[in-house]
Amino acid sequence: MDGTETRQRRLDSCGKPGELGLPHPLSTGGLPVASEDGALRAPESQSVTPKPLETEPSRETTWSIGLQVTVPFMFAGLGLSWAGMLLDYFQHWPVFVEVKDLLTLVPPLVGLKGNLEMTLASRLSTAVQATVVGLLAAVAALLLGVVSREEVDVAKVELLCASSVLTAFLAAFALGVLMVCIVIGARKLGVNPDNIATPIAASLGDLITLSILALVSSFFYRHKDSRYLTPLVCLSFAALTPVWVLIAKQSPPIVKILKFGWFPIILAMVISSFGGLILSKTVSKQQYKGMAIFTPVICGVGGNLVAIQTSRISTYLHMWSAPGVLPLQMKKFWPNPCSTFCTSEINSMSARVLLLLVVPGHLIFFYIIYLVEGQSVINSQTFVVLYLLAGLIQVTILLYLAEVMVRLTWHQALDPDNHCIPYLTGLGDLLGTGLLALCFFTDWLLKSKAELGGISELASGPP
């Protein structure tokens, strides 16, 4: 999706500029268009001089942002909670027990849903990207597995590749339809899609992706004696890819996606794969019991919130400035963290709202999981405090990096929606998984020291 399509969709979804706290465009000369190198360029008829920010105050307030974001955020959290419980259930299936690398696929495949363009106009490019990235995710999982175990099973390699490619394709297609429906619904309801599309799609997206991965991999595992089934699936998708490319070339915007949309998605997949490696190495160990349940929650919450903030800042820049020209108060590429969270500026206001959702949101999701799973979920006060602290650290880092990356990409006349969100959600997966593993390890370490202290006291007591 080029810059024109991205922004035109958002304007169509939101109604008239300014209705939802968005300023009016700089001029009526047209929206930024994508050049042949994928960068956004302002039309010649459009002035590149930013409109003074003080001429029209934003209509959005802390309360209005909070009200619009909280409901879809909570809805998304429910979906993430169920996704975590599903993953905990699926990890005991024979295929996940035998093919441990399938767990490495979970973060990159789940993250793929938010990184591919999901509009009807780019459905063919989504099919091509999903096929290729699904295969690359399987290759990354295999390489990470080989480095740690130094063993390769050809049958498992074929199952992993076929499961990854088919899951990526089906999930991207299903979520593409879902995203279009959400944007249309938001338009009819008169709310800002930036606030609701990402969390709602993410809540259902995680469930859909995990379910498809489990069902597809189990199907291939049950038919593992069919020697040619998995290679045939991989070869079929490889053969269809040139056909999709030829059809997609009929639309110039889709051609631009296929030319310039690979690097952010592939790099995000690589980053997420390291999070998947952490998950696969810890999930079966006793001291990390519950890792599978909480991984989708902490990764999903961070990814959803930073995607909302990135999209909001991107919309703000498209309304107030021209590609390559930063507003006066955003000239610094590395802003003071206080200016990101503690000023009266609209983006700082939304960052505070999103950060304030972290602790109550995680507490509610934790309680829901505890009600469903019971005593099988770790519930010590120490772990809860560590878990909430990890969530705050993750989201704080992501929101600050969103501010930095959007400024850098806008200065380069690139669309932040396409170039920042994949990196940030991939980094959110890595940060979330790593910090969660650290929480489990620290809680286990503190419990071990307490138990050893109790034993030594009993041993030194009176006979």
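The structure this text deals with has already been given above.
These remarks concern the structure in this document. (Residues numbered from 1 in each chain as written. Predicted model: local features only at pLDDT ≥ 70, side-chain atom pairs only at ≥ 80, totals over all residues. Heavy atoms only, no water.)

## Overview of the overall build of the protein
Within the protein, the regular secondary structure consists of 17 helices and 2 strands. Taking all 463 residues of the protein together, 54% fall into the buried category. Considering only contacts within the protein whose residues lie at least 6 apart along the sequence, 83% involve residues at least 24 apart. Summing over all exposed atoms, the protein offers an accessible surface of approximately 20,000 Å²; the carbon and sulfur share of this is 69%. (Helix = DSSP H or I, 4+ residues; strand = E, 2+ residues; numbered from the N terminus. Buried < 20%, exposed > 50% of the residue type's maximum accessible area, 1.4 Å probe, protein only. Contact = heavy atoms within 4.5 Å. Areas by Shrake-Rupley, 256 points an atom, 1.4 Å probe, with all protein chains shown as cover.)

## Looking at a nonpolar patch on the surface
Side chains of Leu78, Trp82, Tyr367, Leu371 and Val372 sit close together on the surface and give an oily, nonpolar patch of about 520 Å² of accessible area. Among the elements that line the nonpolar patch, the one with the most residues is helix α14 (residues 358-373), at 3 residues. Secondary-structure assignment places Trp82 in helix α2 (residues 62-90). (Patch = residues over 30% accessible without salt bridge, like charges linked within 9 Å, V, L, I, M, F, W, Y side chains within 5 Å. Salt bridge = Lys/Arg side-chain N within 4 Å of Asp/Glu carboxyl O.)

## Description of the packing of α2 against helix α11 (residues 291-320)
Contact pair α2 / α11: the axes reach a minimum separation of 8 Å and the direction vectors enclose 150 degrees. As far as their axial angle goes, α11 and α2 are roughly antiparallel. In the packing of α2 onto α11, the handedness of the crossing is right-handed. Contacts between α2 and α11 pair Ile65, Val69, Phe73, Ala76, Leu80, Ser81, Ala83, Gly84, Met85, Leu87 and Asp88 from the former with Ala292, Ile293, Pro296, Val297, Gly300, Val301, Asn304, Leu305, Ile308 and Arg312 from the latter. Here the residues of the contact of α2 with α11 sort into 15 nonpolar, 4 polar and 2 charged. (Axes fitted to C-alpha atoms, helices over the stretch in contact; angles between N-to-C directions. Parallel < 35°, antiparallel > 145°, perpendicular 65-115°, else oblique. Left-handed = near helix turned anticlockwise from the far one by under 90°. Nonpolar A, V, L, I, M, F, W, Y, C, P; charged D, E, K, R; others polar.)

## Some points on unusual backbone geometry
In terms of backbone geometry, most residues other than glycine have negative phi values and most peptide bonds are trans. Although it is not a glycine, Ala413 adopts a positive phi angle of roughly 60 degrees. Mapped onto the fold, Ala413 is located in the loop between α15 (381-411) and α16 (416-419). Taking relative accessible area as the criterion, Ala413 reaches 7% and is therefore assigned buried.

## Some thoughts on the packing of α14 against α15
Close contact between α14 and α15 brings their axes to 10 Å; oriented N to C, the two are set at 135 degrees. On the basis of their axis angle, the class for α14 and α15 is oblique. Between α14 and α15 lies a crossing of right-handed hand. Between α14 and α15, the residues in contact are Val358, Val359, His362, Leu363 and Phe366 and Phe383, Val384, Tyr387, Leu388, Gly391, Leu392 and Val395, respectively. For the contact of α14 with α15, a count of residues per class yields 10 nonpolar, 2 polar and no charged.

## Topic: α14
Between the first and last C-alpha of α14 there are 22 Å, a value that for 16 residues agrees with the 22 Å anticipated at 1.5 Å per step. All of the buried residues along α14 are Val358, Gly361, His362, Phe365, Phe366 and Ile369. Looking down the long axis of α14, one finds its buried residues gathered within 130 degrees of arc, a one-sided arrangement. Turning to α14, the residues buried within the fold contact α2, α11, α13 (346-356) and α15. Positive backbone phi, at 70 degrees, marks Gly374, one or two positions downstream of α14. (Expected span 1.5 Å × (residues − 1). Arc of directions from axis to C-beta.)

## Points about α13
Counted residue by residue, α13 has 8 buried out of 11 residues, so it is predominantly covered. For α13, the set of buried residues is Ile346, Asn347, Ser348, Met349, Ser350, Ala351, Val353 and Leu354. Looking at the buried positions of α13, the neighbouring elements they touch are α2, α11, α12 (337-341), α14 and α15. Sitting at the amino-terminal end of α13 is Glu345, which places a side-chain oxygen 3.1 Å from the backbone nitrogen of Asn347. (Polar contact = N/O pair within 3.5 Å; in protein donor to acceptor, adjacent residues only side chain to side chain.)

## What to know about the environment of Leu305
Among the secondary structure elements, Leu305 is positioned in helix α11. Taking relative accessible area as the criterion, Leu305 reaches 0% and is therefore assigned buried. When sequence neighbours within four positions are dropped, the list of residues in contact with Leu305 reads Phe73, Leu354, Val358, Val395 and Leu399.

## Points about the pattern of salt bridges
Summed over the entire model, instances satisfying the criterion amount to 3 salt bridges. We note a salt bridge from Lys447 to Asp443, for which the minimum N-O separation is 3.5 Å. Residue Lys447 and its partner Asp443 are both found in helix α17 (residues 421-460); the two are separated by 4 residues, about one turn of the helix. Judged by its relative accessible area of 2%, Asp443 falls in the buried class.

## What to know about the side chain of Ser164
Relative to the helices and strands, Ser164 is located in helix α6 (residues 154-189). Overall, Ser164 belongs to the buried group, its relative accessible area being 0%. The residues contacting Ser164, other than those within four sequence positions of it, are Leu105, Leu109, Gly134, Leu135, Ala137 and Ala138.

## What to know about the nonpolar core
Counting residues in hydrophobic clusters, the biggest one holds 101 residues, and the most contacted among them are Leu102, Phe294, Phe383 and Tyr387. With 15 residues, α11 is the single largest residue contributor to this core. Apart from the residues lying within four places of it in its own chain, the contact partners of Leu102 are Val95, Phe96, Leu159, Leu160, Ser163, Leu213 and Ser217. (Core = buried A, V, L, I, M, F, W, Y, C linked by side-chain atoms within 4.5 Å.)

## A few points about the packing of aromatic side chains
A full pass over the atoms with the stated rule returns 16 aromatic pairs. Summarising the aromatic geometry, the rings of Phe90 and Phe96 are spaced 6.5 Å apart at their centres and angled 10 degrees between planes, so their arrangement reads as stacked. The burial state of Phe90 is the same as that of Phe96; both residues are buried. What links up through ring pairs into an aromatic cluster is the set Phe294, Phe366, Phe383, Tyr387 and Phe440. (Phe/Tyr/Trp six-rings, centres within 6.5 Å; stacked < 30°, edge-to-face > 60°.)

## Some thoughts on the environment of Leu326
As for its placement among the helices and strands, Leu326 is situated in the loop between α11 and α12. Taking C-alpha positions, Leu326 is 7.2 Å from Arg407, a pair spaced 81 residues apart along the chain. Setting aside chain neighbours within four positions, we find Leu326 in contact with Leu317, Ser321, Lys331, Phe333, Arg407, Trp410 and His411.

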